[in-house]
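Coordinates in review
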Amino acid sequence: MLELKDGLILCHGSCCEVKEPDLGKCAKRKAFGQGFYVTTSKKQAESFLRTSIVKAIATGKIEEGQNFGYVSTFEFQPVGKLEMHVFKNADVDWLHCIA
């Protein structure tokens, strides 16, 4: 199981490069609420690029015809106490949490 620890690399796929996440620019009605979504999988971040580009074109954030995106990477460095719940498996408890 993956552990959140200092130095862990997290990836974010988007239509634009992100140097510093800004929660004020994040959509409010996402699966887990307003937030900056990252993954430890570069492949998963890359797979989100097309969706991000289509949404950005539809909302006028980028020009139609842009067919490229960015995978921004961040090094995890916890500050203070971080509270979390880790699901070891994608089981019924996990499904209830995300649904």
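Conventions adopted
Residues numbered from 1 in each chain as written. Predicted model: local features only at pLDDT ≥ 70, side-chain atom pairs only at ≥ 80, totals over all residues. Heavy atoms only, no water. Helix = DSSP H or I, 4+ residues; strand = E, 2+ residues; numbered from the N terminus. Contact = heavy atoms within 4.5 Å. Phe/Tyr/Trp six-rings, centres within 6.5 Å; stacked < 30°, edge-to-face > 60°. Buried < 20%, exposed > 50% of the residue type's maximum accessible area, 1.4 Å probe, protein only. Disulfide = S-S within 2.5 Å. Polar contact = N/O pair within 3.5 Å; in protein donor to acceptor, adjacent residues only side chain to side chain.

Take the environment of phenylalanine 32 next. Among the structural elements, phenylalanine 32 can be located in the loop between β1 (9-14) and α1 (42-58). As for phenylalanine 32 and isoleucine 98, which are separated by 66 residues in sequence, their C-alpha atoms are 7.2 Å apart. Apart from residues no more than four positions distant in its own chain, phenylalanine 32 is found in contact with Tyr37, Cys97 and Ile98.

On inspection of all chains with the given rule, the structure shows two aromatic pairs. An angle of 85° between the planes, with centres 5.5 Å apart, marks the rings of phenylalanine 36 and phenylalanine 74 as edge-to-face. Of this pair, phenylalanine 36 sits in the loop between β1 and α1 while phenylalanine 74 sits in strand β2 (residues 70-75); the two residues are 38 residues apart in sequence, bridging distant segments of the chain. Since its relative accessible area comes to 17%, phenylalanine 74 is described here as buried. For the pair phenylalanine 68 and tyrosine 70, a centre-to-centre distance of 5.9 Å together with 80° between the ring planes defines the contact as edge-to-face. Overall, phenylalanine 68 belongs to the partly exposed group, its relative accessible area being 42%. A relative accessible area of 33% means that tyrosine 70 is categorised as partly exposed.

Taken as a whole and assessed by the stated rule, the structure comprises zero disulfides. Summary of cysteine pairing: cysteine 11 is not part of a disulfide, and the nearest cysteine sulfur, belonging to cysteine 16, is at 16 Å. Here cysteine 26 is not cross-linked by a disulfide; its sulfur's nearest cysteine counterpart is in cysteine 16, at 10 Å.

Tracing the sequence through the fold places histidine 12 in strand β1. Residues histidine 12 and histidine 96, 84 residues apart in the sequence, show an inter-C-alpha distance of 25 Å. Dropping the residues within four chain positions of it, histidine 12 is found in contact with Val18, Phe36, Tyr37, Val38, Ala45, Tyr70, Val71, Ser72 and Phe74. Among the polar contacts listed, one links the side chain of histidine 12 to the backbone oxygen of tyrosine 37, at a separation of 2.7 Å.

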